[in-house]
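Analysis of the macromolecular model
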Amino acid sequence: MASFSSEDQAMLQAMLRQLFQSVKEKITGAPSLECAEEILLHLEETDENFHNYEFVKYLRQHIGNTLGSMIEEEMEKCTSDQNQGEECGYDTVVQQVTKRTQESKEYKEMMHYLKNIMIAVVESMINKFEEDETRNQERQKKIQKEKSRSYCTDNCSDSDSSFNQSYKFCQGKLQLILDQLDPGQPKEVRYEALQTLCSAPPSDVLNCENWTTLCEKLTVSLSDPDPVFSDRILKFCAQTFSLSPLHMTKEVYTSLAKYLESYFLSRENHIPTLSAGVDITNPNMTRLLKKVRLLNEYQKEAPSFWIRHPEKYMEEIVESTLSLLTVKHDQSHVVSQKILDPIYFFALVDTKAVWFKKWMHAHYSRTTVLRLLEKKYKSLITTAIQQCVQYFELCKTRKAEETLGHSKHCRKKQKTFYYLGQELQYIYFIHSLCLLGRLLIYKQGRKLFPIKLKNKKGLVSLVDLIVLFTQLIYYSPSCPKMTSATHAESYSPASMVTEVLWILCDQKECAVECLYNNIVIETLLQPIHNLMKGTEASPNCSETALIHIAGILARIASVEEGLILLLYGTNMNSSQESSTGAHIIAQFSKKLLDEDISIFSGSQMLPVVKGAFISVCRQIYSTCEGLQVLITYNLHESIAKAWKKTSLLSERIPTPVEGSDSVSSVSQESQNIMAWEDNLLDDLLHFAATPKGLLLLQRTGAINECMTFMFNRYAKKLQVSRHKKFGYGVLVTQVASTAAGGVALKKSGFINELITELWSNLEYGRDDVRVTHPRTTPVDPIDRSCQKSFLALVNLLSYPAIYELIKNQDLPNKTEYSLREVPTCVIDIIDRLIILNSEAKIRSLFNYEQSHIFGLRDFIIDGLSVERNHVLVRINLVGGPLERILPPRILEKSDNPYPWPMFSSYPLPNCYLSDITRNAGIKQEMGPKNKNTIFCVSGAMQRSVNNDLGKLLLCLKISDKQTEWIVNCRRQFCKMMKTKPDIISGEALVELLEKFVLHLTESPSECYFPSVEYTATDANVKNESLSSVQQLGIKMTVRYGKFLNLLKDGAENDLTLVLKHCERFLKQQQTSIKSSLLCLQGNYTGHDWFVSSLFMIMLGDKEKTFQFLRQFSRLLTSAFLWLPRLHISSYLPIDTVDSGIHPVYFCSTHYIEMLLKAELPLVFSAFHMSGFAPSQICLQWITQCFWNYLDWIEICHYIATCVFLGPDYQVYICIAIFKHLQQDILQHTQTQDLQVFLKEEALHGFRVSEYFEYMEILEQNYRTVLLRDMRNIRLQST
């Protein structure tokens, strides 16, 4: 410290000042001292100028001078150790040198020295700061004293203390001012009195006893012909409104309102008539408008604070306002001679009735307003409706267009400040429209209807008013082209009405009561009807009006109740389905796309009109039920055709030449074409929202472009659609459920982006998470900050998509992974995160310390070890919820937190094998051994079982009436499933299936596919090979079958032969196709779980199994239960085959989503909130025949139910499962892991038999539609 001079101290102080000045904003913005310290600690990471600060340079130089030589010596030692055979990387060398340096004597002495000198410097700076602060405070006190001495009451500021001046403004002073304000006093005396009043604090004035008398004087003085005098009174009122509490300002407001009310009622004041108009340059009109504006400004501000005061103050303000606005003169019968009421002037200063909007916003004031309107001031509503009716009548006679257009043209050209009578009518109309629109939002406001109008028969109902508003859209005049676009759009009648109707659409209860009825929909569609008939839509209907109508329809279609109304009308059972709103909109949209309407040909607005109506269709066909209604119009083909045409146009746009006059026009044209092209791609993209829609999109050939378009919007963080409430999750999940969709997502860059984002979150953490504490070693299976990225990846993990993404690819298994090497595809993620089979992968994933912890996990139990053990046991066991025991995924709170053995080598520990199913074969054998023992008596229970089975088997005897025996069989089967479901198992089930299918195939009406001759023997197929997936499935099947005592030794060879025969048999019915999709380049890509299930049902009998499959393949049910049955099948349309999409997806899961929305809306919403599509999990369940999800007996019942009752029961069973899981689904939606739950967890507690009555109800409601669509899978698309 002796060598530390005062010059050094001054230099360090200057360095610190520079540093603090540079980071001043960061530190002062910190919410706490701890955060400020954290900012300084991480300054090097956040401040790009860190190393340029003089203080930092000083520290670096000091460290180098003190420790530099020692660090170099340590580096040389490490280098020599490395040369002698001790391998250590660069990071290890740095750690060793750092450790030795920090433990050295030199380092400790340097830190001690720096600490001492910095303490001295900082203390000196603090002392100097305190001295400066004290000196500043003394200076401020001196200035304040000088100000108080020279204080003058002239022009006192609004912030002057009421306390300091109260002694000046006593009661006598106020009385003197009252006397001086008398009209008989000289002008100068009155001016001086008013000046004194305005200079005094308003609170002192209002607290005086003479305030009431003063208020009356001021009110009288407002009519003073001297404009200066009345303006000063208004200034006093304005000051009062700004600075005083509500109980004081209320007095001023009500006095001013009463004054205006008497002003309008007085015959002495010359109020202009409607025909004369309003000249706002007229001094009398200027003063009147100032008073009205002052009231209006207070109206808009009062709601922000009146809730803090007694309700009576608010009531007085409201009542005085409504009383003023309902003032009426003795009117002439001629409208043009009508004297303007106060409402006209309020409309001039607040055209959109913002004051009413604010008053109606809070329940506190809304209740009072509506009560007073109902009891005393209903005429305000009546006149507002009357004004809308009058304006509509003017529009119909086309007078409004001429007058309004001419007046606006003159206003633009001459810039006058004169409002014609027609303009005043229009302004009042806008004010009335906004007031009524706000009134209709609220239930109590709607209760004011119906309303009786003068000179009108009948009452005006809510629907009548909405119809009036709707007609105004296409009857009202458009603003002249010379007016500014912004002004025209903000105040044009059509825009204003549309805005009001949009707000009503967004209020569900209001929309149901006002908008969702056939009358309103027919009114909205009337111009479209006329256009399609070739007539003019309406006297003034324009492209803009049609765009507004489409916008309203889109809002209606975006809500479930509105969508149902458009699809089916109010009578869902109506036979005239083609006349509903959805059909009319689709027909019109198709005509627009096909350019089959000539009335708007060549219009620049035509693409916008097209886009607006296609947007309505998009809201409809992006739902399952909507697509079913619109599918016959082939909108996907029309949109795709228009897109291809527009895409060609965009390629032909010439490159603008600099300096050319055509640059702006070409640029605008190209922007319009590109916008229209994007709009069409967006329309096509929304077909992917449903399974069947995705098939249609795939057929257009534009799926790659649509995925690229979606990814571009996703990358820019743009919303999916204007009316979509959730993100891209459902669309991505839907697309990723198919092979072609997976490929398109990869080509678009979507998968690359998701994987990069996941890796970034894993390795570096999220940018939006502020780290104020060091992270501990993670013990949870998944970090919450990474969960969203993992779930996005899980959405892509359908088998068809993954097969396309990883087929024919090997794991990289590199010897070294760079820290900068980021995974970009699925195979990279598998290599880096899942199959960690080398030290290099571990080192690349975890830092050095965590790698050691990872190595210890064979000896300790943490969250990851528990999760790993769970996964290993899960993937090695096959069975339903009661057939396998899985270890828990969390540690127990006990002395032995994890009593389960770790599974790291075969065989699997016995504790994971269920005791319940080891004797499953006994239960399976409850049925008869053969048909000769059906009626044997072996106890009461056996007698009852055999009796029921006998009845069912007797039904299988073919009668003369084919329909009758099928109905009888199904009735008896349902009875058994409801009462004694367990007897439908074992050999009894074999016999039931064999006989029922045999009899069905003998009935031509029941056969959907033709009979195919097959003569191959075991020897013919013995040498054929199965895929590795099929072979793995065979081993799993045999292991599962032996565990259930259903299969014996040799079953593996028999099942192999059955699968080979099936492939040969189905190949005879396949078509040749050239496709880039890997799944279409050969046999079925997955394992045939249906055949494996049937093999186990047949107790391993290969002859019975294959014989049954040959017969079963003729039935429609085979198309949906046996997925390989229709793999590249010649029975399907070629465009369906080429898409690679199975009928189970575009038919079964499509209707599952449709029924789920109708029957279980909460579950359907939960899926959408989770960004997950029900179709994907259902496709997984059905593809693997519910293996690992249901117990064996339930799998048997699933297959038997679909065989006996029809393929539509596949849909009903899935709906029943969702009903069973409803509470779990809602819970996991909240915990944001619904995808993981549905994909991993078995269906605990679900039994097919327990939901039979529910499924029978579903059959009654939906069977006709489902079976019709299922039978149409062979039809060629048009």
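Residues numbered from 1 in each chain as written. Predicted model: local features only at pLDDT ≥ 70, side-chain atom pairs only at ≥ 80, totals over all residues. Heavy atoms only, no water.

Naming follows an unreviewed UniProt entry, where the protein appears as Protein broad-minded of Macaca fascicularis. Taken from UniProt, the Function (unreviewed entry) comment for the protein reads in full: "Required for high-level Shh responses in the developing neural tube. Together with CDK20, controls the structure of the primary cilium by coordinating assembly of the ciliary membrane and axoneme, allowing GLI2 to be properly activated in response to Shh signaling." Regarding the protein, the UniProt comment filed under Subunit (unreviewed entry) reads as follows: "Interacts with CDK20, which promotes CDK20 stability and function. Interacts with FAM149B1; may play a role in cilium assembly." (UniProt positions renumbered as here; feature names shortened; annotations may be inferred.)

Where nonpolar side chains cluster on the molecular surface, the patch consists of Ile861, Leu891 and Met902 and spans about 240 Å² of accessible area. Within the fold, leucine 891 resides in the loop between α46 (863–876) and α47 (920–924). Assessed through its relative accessible area of 38%, leucine 891 is described here as partly exposed. (Patch = residues over 30% accessible without salt bridge, like charges linked within 9 Å, V, L, I, M, F, W, Y side chains within 5 Å. Areas by Shrake-Rupley, 256 points an atom, 1.4 Å probe, with all protein chains shown as cover. Salt bridge = Lys/Arg side-chain N within 4 Å of Asp/Glu carboxyl O. Helix = DSSP H or I, 4+ residues; strand = E, 2+ residues; numbered from the N terminus. Buried < 20%, exposed > 50% of the residue type's maximum accessible area, 1.4 Å probe, protein only.)

So, about unusual backbone geometry. A negative phi angle is the norm for most residues apart from glycine, just as the trans form is the norm for most peptide bonds. Each neighbour pair has its own omega, and for phenylalanine 449 with proline 450 the value is 0 degrees, a cis peptide bond. Here proline 450 shows up in the loop between α23 (443–446) and β3 (451–452). Looking along the chain, the bond that leaves tyrosine 906 and enters proline 907 is cis, with omega of 0 degrees. Along the polypeptide, proline 907 turns up in the loop between α46 and α47. Even without glycine at this site, asparagine 634 takes up a positive phi of about 50 degrees. For asparagine 634, the position within the fold is in the loop between α33 (624–630) and α34 (635–652). A relative accessible area of 15% means that asparagine 634 is categorised as buried. Positive phi values are uncommon outside glycine, yet cysteine 1185 reaches one of about 55 degrees. You can see cysteine 1185 is positioned in the loop between α60 (1174–1183) and α61 (1192–1205).

Glancing now at the packing of helix α13 (residues 227–243) against helix α15 (residues 283–301). Two elements in contact, α13 and α15, have axes whose closest approach is 11 Å; the angle formed by their N-to-C orientations is 0 degrees. Accordingly, the angle class assigned to the pair α13 and α15 is roughly parallel. Note on element contacts: α15 touches α13 through Arg287, Lys290, Lys291, Leu294 and Tyr298, opposite Pro227, Ser230, Asp231, Leu234, Cys237, Ala238 and Phe241. Here the residues of the contact of α13 with α15 sort into 7 nonpolar, 1 polar and 4 charged. (Axes fitted to C-alpha atoms, helices over the stretch in contact; angles between N-to-C directions. Parallel < 35°, antiparallel > 145°, perpendicular 65-115°, else oblique. Contact = heavy atoms within 4.5 Å. Nonpolar A, V, L, I, M, F, W, Y, C, P; charged D, E, K, R; others polar.)

A few words on helix α43 (residues 826–834). For an α-helix, the turn length of 3.6 residues means that residues three or four places apart are oriented alike. Counted residue by residue, α43 has 7 buried out of 9 residues, so it is predominantly covered. Taken together, the buried positions of α43 are occupied by Val826, Ile827, Asp828, Ile829, Ile830, Asp831 and Arg832.

Of the residues in the protein, 83% have a pLDDT of 70 or more, and the chain-wide mean is 83. Within the protein, helix α62 (residues 1208–1220) carries the highest mean pLDDT (98), whereas helix α8 (residues 162–165) carries the lowest (34). This model gives residues 771–778 a pLDDT under 50, and the stretch forms 7 contacts once residues within four places in sequence are excluded. Contacts of residues 847–857 to residues separated by more than four positions or lying in other chains number 16 contacts, the stretch itself having pLDDT below 50. (pLDDT = per-residue confidence, 0-100.)

Turning our eyes to something else, we now look at the pattern of salt bridges. By the definition in use, this model includes 40 salt bridges. As a salt-bridge pair, lysine 1157 and glutamate 625 come within 2.8 Å of each other at their nearest N and O atoms. Highlighted residues: lysine 1157 in helix α58 (residues 1143–1159) and glutamate 625 in helix α33, separated in sequence by 532 residues. With respect to burial, lysine 1157 and glutamate 625 carry one shared label: buried. Linked through salt bridges whose partners overlap, the residues forming this network are Glu867, Arg874, Arg889, Glu1240 and Glu1241.

A word on the packing of aromatic side chains. Applying the stated criterion across every chain, the model contains 47 aromatic pairs. Geometrically, the ring pair formed by tyrosine 426 and phenylalanine 429 is tilted, given 6.1 Å between the ring centres and 40 degrees between the ring planes. Taken together, the positions of tyrosine 426 and phenylalanine 429, both in helix α22 (residues 421–440) and 3 residues apart, correspond to about one turn of that helix. Take phenylalanine 429: its relative accessible area is 0%, and that puts it in the buried class. Pairing phenylalanine 711 with phenylalanine 750 gives two aromatic rings, centres 6.0 Å apart and planes at 70 degrees, and the pair type is edge-to-face. Residue phenylalanine 711 is found in helix α37 (residues 703–715), and its partner phenylalanine 750 is found in helix α40 (residues 750–764); the two are separated by 39 residues along the sequence. (Phe/Tyr/Trp six-rings, centres within 6.5 Å; stacked < 30°, edge-to-face > 60°.)

On the surface, a cluster of negative charge is made up of Glu72, Glu73, Glu76 and Glu106. Here glutamate 72 lies in helix α5 (residues 54–83). What makes glutamate 72 exposed here is its relative accessible area of 55%. (Lys, Arg positive; Asp, Glu negative; His and termini not counted. Charge placed at Lys NZ, Arg CZ, Asp CG, Glu CD.)

Counting 341 residues, the largest nonpolar core has Phe345, Leu373, Phe469 and Phe1218 as the members making the most contacts within it. In this view, phenylalanine 1218 contacts Ile1152, Leu1156, Leu1160, Val1163, Phe1167, Pro1174, Ile1177, Cys1178, Trp1181 and Ile1225; residues no more than four positions away in its chain are not counted. Formed by 19 residues, the second largest nonpolar core is a distinct cluster that contains Met15, Leu67, Met110 and Leu114. (Core = buried A, V, L, I, M, F, W, Y, C linked by side-chain atoms within 4.5 Å.)

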